[in-house]
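# Summary of the model geometry
These are the residues of each chain, in order.
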Amino acid sequence: MTTTLLHIKNFFQSVRFKKYAKRFGFFILGLIGLLLIACGGLSIYFNRNKTEIIAKINTKINENINGKFHVGDFHYKFLTGFPNFTLALKDVELKDNQWATHKHTLLKAKEIEARLNVWSLIQNEINIHKILINNADIYVYKAENGYSNANIFKPKKKKSPVDKSETETTIDQIDLNNVHFILDNKLGHKLFDFDVESLNTKVDYEGNDWQTDVFLDTQIKSLAFNTVHGSFAKQKELKGTFTVSYSSEKEKIDVVTRNLKIGTDSFDITAFFNLAEGNALFGINIGTSILWQNASNVLSANISSKLNRFNLSKPIDVNCDIKGDFNAEGDPRIVVQAIIKDNELSIPDGLIKKCNFKGIFTNNFKPKEGYNDANSAIILTKFSGEYENIPLTIPQLSINNLEKPVATGNVSSDFDVERLNEISNDKWIQFTDGHAKANLKFQFDIVDLYITKPRFIGKIDVDDASFHYIPKNVHAIKTNLHLDFTEKALLIKQIAYKHNKNTIFIEGKIDNFLNLYYDAPEKMIVNWKIYCPNIDLKQFLGVLATSQKTKATAKNTKRTTISNQIRTAIDKCAVVIDIKADKINYNKLTATNTTATVQMIDSRLVIKNGSLQTSGGSITFNSEVKPSGKNFAFSSNAKVNRVDIAIFLRSFNNFGVTSFNPGNIKGRLSSQANVTGFINGNGALITNSMHGNLTFNVNQGALLDFEPIVKIGKFAFPFRDVKNITFSDLSGTLKLRGEQIDVNNFTISSSVLNLDAEGIYSFGRGTNLALTIPLRNSKNDINLATQTERDAVRDRGIVLHLIALDDEGKMKIKWGKKDKEK
């Protein structure tokens, strides 16, 4: 290695090397001298022939245009572009013949460099090999009548092969720097506006065909295929290399680019543009892998304004195909296809996780109805995901007419109902067990991109569901529910509802459900048929209670959620129930063979045509129960037919009467009542709360050890059995006024005496009751044949007039009539 370096050093120091180096230096200096002489010669040539060259250039340009070409100044650039002759034109303007009408200058440049072939120039030929345009404005204008200032260029005459020569004028290379380019197509409502930082292209010719690679670095100010809807890729930087080719036979330009940068994303683009007269068709195909928001921001405002309301968290594979006519009004045909895998889709109504589908957008859903929003559609196929933790499968979903979007499709789901707790944002219902299956055909409107008024046809099956309905504090376990949505009604089948020890079998129907549920829930009537083998009525009064106030934690207060929609419908709808119960328990009352029609309207329970058997007799009734604070207000029309009075009174806790108990009386009670009152939250009658009218009579009756009569009998009837009185008539008309009762026509015809009472009886204080008691022994009156005969002898003999008064909470008997007492 050392030896080699020594040989090299000796060579460079040798006389021989110095001799050749000197000759090479003189050669280089000679070349530079020749170059200077050549350039100087060209300069001298330009200065001597300046007028002729400019005239030739003007002539050559004017031969090819229908307009006016103006140059402010020009000069030769020494050594620039050697061996070509470089001519710099200053303040260049190019106008068409109709400039005065539209005022748009086709070209206005501070400087244009034209590099001419020297050999061709010497032979009196103008052969431009390169054009450099610096600091220029290019404005291509097309009027609404189809006229364009680009038509300034005259069509090129085709030459026969014999006429062609190597000196034919061509432009091999074009460079643009700091050029503002506008294509304003008023006819097609299109506007392309670019700030070109740099454009470089070198053209290879093959006859009349050519091909080039174009490097472009530009800022997109407008790429509007329809100015009404706005620009694509607005304010985005576009940078990349385009492979461009022109076919003279097809009169078409083809463009291909790979990894084209638009903003921060890369795109693969294939495009074509027809240039034949009367044919301005074009097509652009774009492929990329891109984030949703980035893709949306590349599109026009009318599309991105909608897409920005959605989002996908991971990049998606997208292909966009655009085809149209530059001369046609309106949008081009746009088809966008995307494949989404294991992504998260954000929609205005929530978040769909584990999302998979293929999406297609087209603005020409029906081929003969044009390219517009009304004829646009979004089609999703093989959709799967989890919405609010609920798994969804949709084979195909179509959203048609983006002016008034309507979505249609089929959805199926299979899940544990506990997942529904995620949907209830205000926690009004909580599920703990059960499984649900759904298979529905759906249709819903989309208003401001929110799902509105979804309509379903199909079935939902829920088995063994346990839940807590918080507003009414209702618990249910192992409940089955089968819903059948039809076009005319919602059918609710085979519900087995278990509550505590009670089981209720329910079927229901809601006519015109799909319309009323959204538009008029207060007009919606739920028709139930309920069968109860055995039920404790008090346990179900809580269903009517005032809803518990829960603090809402709504995720989006600007819209009505599905959960809120369901709750609103439940609160507003009317419910009609045809109920049949084998056995009903209420307090101590046991009823059998119960039937009734029940209506639930605005938290009111209205019972019509009620009928039941109890206490050895029957009761028919119409009633209404509604919440009143912590209690329930009721009103009732009831008819009691021959019930065992003792059992009946005992069932209702003797209606709060303390002066006697049900053991004091026997017999069969028949009664007719029109009363109102209150029941507490436990379902028990509130003492002294009743108001209204009551008539009654007791057949085959007996009074046993009834204190008021026993007190009177001690001194009035010492020899009669006042502790065991049988009577043929026990009847009366009462007016209930809470704590007090107005007694009218109270009549007792008994084995001991007859008694008539009138006045006020009080459960508390204020009794003032006038008693009329004939002293004659009425034991044998029952043997008289007719009521007329019994009435004729009723008041014979001595008659006592007594008053039963309240005396500091105790009953006190005085002589006298009520009028005299007053």
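Residues numbered from 1 in each chain as written. Predicted model: local features only at pLDDT ≥ 70, side-chain atom pairs only at ≥ 80, totals over all residues. Heavy atoms only, no water.

## What about the overall build of the protein chain?
The helix and strand tally for the protein chain stands at 12 helices and 38 strands. Residues counted as buried form 43% of the 822 residues belonging to the protein chain. Sequence-distant contacts, at least 24 apart, represent 53% of the contacts inside the protein chain between residues at least 6 apart. Counting every atom, the protein chain has about 44,500 Å² of accessible surface; 54% of that belongs to carbon and sulfur. (Helix = DSSP H or I, 4+ residues; strand = E, 2+ residues; numbered from the N terminus. Buried < 20%, exposed > 50% of the residue type's maximum accessible area, 1.4 Å probe, protein only. Contact = heavy atoms within 4.5 Å. Areas by Shrake-Rupley, 256 points an atom, 1.4 Å probe, with all protein chains shown as cover.)

## Some details on the nonpolar core
Of all hydrophobic cores here, the largest spans 164 residues; its most connected members are Trp528 and Leu755. Aside from chain neighbours lying at most four places away, what touches Leu755 is Ile709, Phe746, Thr747, Ile748, Leu771, Thr772, Ile773 and Arg794. (Core = buried A, V, L, I, M, F, W, Y, C linked by side-chain atoms within 4.5 Å.)

## Things to note about the environment of Leu649
Examined against the element boundaries, Leu649 turns out to sit in helix α9 (residues 645-651). Residues Leu649 and Leu669 lie 20 residues apart in sequence; the distance between their C-alpha atoms is 10.0 Å.

## So, the packing of aromatic side chains
Following the criterion strictly, the structure yields nine aromatic pairs and no others. In this arrangement the basic side chain of Lys252 is found over the ring face of Phe272, its NZ or CZ atom lying 5.4 Å from the centre. (Phe/Tyr/Trp six-rings, centres within 6.5 Å; stacked < 30°, edge-to-face > 60°. Lys NZ or Arg CZ within 6 Å of the ring centre and 35° of its normal.)

## Observations concerning the pattern of salt bridges
Oppositely charged side chains can pair when the atoms bearing their charge come close. The tally for this structure, following the rule as stated, stands at 11 salt bridges. The closest approach of N and O atoms between Asp321 and Arg333, which form a salt bridge, is 3.3 Å. With a gap of 12 residues between them, Asp321 in strand β13 (residues 316-325) and Arg333 in strand β14 (residues 333-347) connect regions that are remote in the sequence. For Asp321, a relative accessible area of 15% gives the class buried. A salt bridge links Glu386 to Lys354; its shortest N-O distance comes to 3.8 Å. Separated by 32 residues along the polypeptide, Glu386 in strand β16 (residues 377-387) and Lys354 in strand β15 (residues 350-362) bring together distant segments of the chain. When its relative accessible area of 52% is taken as the criterion, Lys354 is described as exposed. (Salt bridge = Lys/Arg side-chain N within 4 Å of Asp/Glu carboxyl O.)

## Thoughts on the side chain of Lys142
With respect to the helices, strands and loops of the structure, Lys142 is situated in strand β4 (residues 128-142). Of the side chains bearing the opposite charge, Asp325 lies closest to the buried Lys142, which forms no salt bridge; the N-O distance is 7.2 Å. (Lys, Arg positive; Asp, Glu negative; His and termini not counted.)

## Considerations on the environment of Ser778
One can find Ser778 in the loop between β36 (768-774) and α11 (787-793). Those residues in contact with Ser778 that lie beyond four places of it in its chain are Ser750, Ser751, Val752, Leu753 and Asn754.

## Concerning the pairing of strand β6 (residues 190-206)
One ladder, built from 12 bridges, connects strand β5 (residues 173-185) with β6; its direction is antiparallel. Note that in β6 the partner of Phe181 across the bridge is Phe194. A loop of four residues connects β5 with β6, the two strands running antiparallel in sequence, and His189 in this loop sits at a positive phi of about 55°. Of the strand pairs in this sheet, β6 and strand β7 (residues 209-224) are connected by 15 bridges, and their pairing is antiparallel. (Pairing = 2+ DSSP bridges.)

## Focus on unusual backbone geometry
Positive phi, normally seen in glycine, also occurs at Asn178, with a value near 55°. Within the secondary structure, Asn178 is located in strand β5. Assessed through its relative accessible area of 48%, Asn178 is described here as partly exposed. Positive phi, close to 50°, is recorded for Lys354, a residue that is not glycine.

## Overview of a negative patch on the surface
Taken together, the side chains of Asp414, Asp416, Glu418, Asp433, Asp463 and Asp464 define an acidic patch exposed on the protein surface. Counting through the fold element by element, Asp414 comes out in strand β18 (residues 406-416). (Patch = residues over 30% accessible without salt bridge, like charges linked within 9 Å, V, L, I, M, F, W, Y side chains within 5 Å. Charge placed at Lys NZ, Arg CZ, Asp CG, Glu CD.)

## Topic: the environment of Ala702
Mapped onto the secondary structure, Ala702 falls in strand β32 (residues 691-704). Taking the C-alpha atoms as reference points, Ala702 and Asn664, separated by 38 residues in sequence, lie 8.0 Å from one another. Residues within four places of Ala702 in sequence aside, it is in contact with Asn664, Ile665, Lys666, Ile725, Thr726 and Phe727.

## Comments concerning the side chain of Thr614
Following the sequence through the fold, Thr614 ends up in strand β28 (residues 604-614). Judged by its relative accessible area of 4%, Thr614 falls in the buried class. Of the polar contacts made by the side chain of Thr614, one reaches the side chain of Ser615; its length is 3.5 Å. Excluding residues that lie within four positions of it along the chain, Thr614 makes contacts with Leu589, Thr590, Ala591, Ile619 and Val643. (Polar contact = N/O pair within 3.5 Å; in protein donor to acceptor, adjacent residues only side chain to side chain.)

## Quick notes on the confidence of the model for the protein chain
For the protein chain, the mean per-residue pLDDT works out to 79, and 79% of the residues sit at or above 70. Within the protein chain, no element has a lower average pLDDT than helix α12 (residues 818-821), which sits at 50, and none a higher one than strand β10 (residues 265-274), at 93. Below a pLDDT of 50 lies the segment residues 544-559, which in the model reaches 33 contacts outside its immediate sequence neighbourhood of four places, other chains included. (pLDDT = per-residue confidence, 0-100.)

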